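Commentary on secondary and tertiary structure
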Amino acid sequence: MMTMLLKSILIFIFVVISISDWRTHKIPDRWNAGILLVAVLLALVDPSVSWQERILGMFAVSVPMACLLFFVPGSFGGGDIKLMAVAGFMLGWSHTLLAAFIGILLGGAVAVYLLLK
């Protein structure tokens, strides 16, 4: 029951972040902190993802994004990088890499659609 409640709160936070990012192109730190807080509570309630996987997940995608930011200025915002770090903590490294891969594929599909349009 508690797991479902925490996951529902996460969905709510992700929807709020999506709306905020769509409208203002900014992700407020308070929402990233909220995800981190709920992810820690979720880790305590549901140990299906180990703490080691969670810590690795924090860096699996966010560090490459931060490195890319240095080579391609404006490629990502700081909020995006922080969001991937807390999402990585929530999901663990393997699911975070899978989510990033799917996001890259979907982003590429949208780009191709916009180019053809």
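This report concerns the structure included in the present document. Being a predicted model, the structure only gives us computed values, none of them experimental. (Residues numbered from 1 in each chain as written. Predicted model: local features only at pLDDT ≥ 70, side-chain atom pairs only at ≥ 80, totals over all residues. Heavy atoms only, no water.)

Examining the nonpolar core
Note the threshold: The nonpolar core is taken to be a set of buried Ala, Val, Leu, Ile, Met, Phe, Trp, Tyr and Cys residues, with the residues joined through side-chain atoms within 4.5 Å. For every residue, the accessible area (1.4 Å probe, protein chains only) is compared with the maximum for its type, and the residue is labelled buried under 20%, exposed over 50%, or partly exposed between those bounds. Secondary structure elements follow DSSP: runs of H or I of four or more residues count as helices, runs of E of two or more count as strands, with numbering from the N terminus. The criterion used for residue contact is that any of the two residues' heavy atoms lie within 4.5 Å.
Ranked by internal contacts, the top residues of the largest apolar core, which has 13 residues, are L10, I13, I17, I35, V38 and L83. Only α1 (2–24), α2 (29–45) and α5 (78–91) provide two or more residues apiece to this core. Apart from residues no more than four positions distant in its own chain, I17 is found in contact with I27, W31, N32, I35 and L83. V61, I81, M84 and A100 belong to the second-largest nonpolar core, a separate cluster that totals five residues.

Overview of the side chain of N32
Counting through the fold element by element, N32 comes out in helix α2. N32 gets classed as buried once you look at its relative accessible area, which sits at 4%.

Overview of the environment of V61
Here V61 is to be found in the loop between α3 (51–60) and α4 (62–71). As a C-alpha pair, V61 and H95 span 34 residues in sequence and 11 Å in three-dimensional space. Residues contacting V61, with those up to four places away along its chain left out, are M84, T96, L97 and A100.

Re the packing of aromatic side chains
Our working rule: Centre distance within 6.5 Å is the pairing criterion for rings of Phe, Tyr and Trp, where only the six-membered ring of Trp is used; planes under 30 degrees apart are then read as stacked, over 60 as edge-to-face, and the remainder as tilted. We call a charge positioned over a ring when the NZ of a Lys or the CZ of an Arg lies within 6 Å of the ring centre and within 35 degrees of the ring normal.
All told, the structure shown has one aromatic pair when counted by the stated rule. Residues W51 and F89 carry aromatic rings whose centres are separated by 5.7 Å and whose planes lie at 55° to one another, so their mutual orientation is tilted. With a gap of 38 residues between them, W51 in helix α3 and F89 in helix α5 connect regions that are remote in the sequence. The cationic tip of R54 hangs over the ring face of F89; the distance from NZ or CZ to the ring centre is 5.8 Å.

Some remarks on the environment of N32
Measuring from C-alpha to C-alpha, the distance between N32 and A85 comes to 8.9 Å, with 53 residues separating the pair along the chain. The residues contacting N32, other than those within four sequence positions of it, are I17, I27, G79, K82, L83 and V86.

Read these as spatial facts, not as claims about activity.
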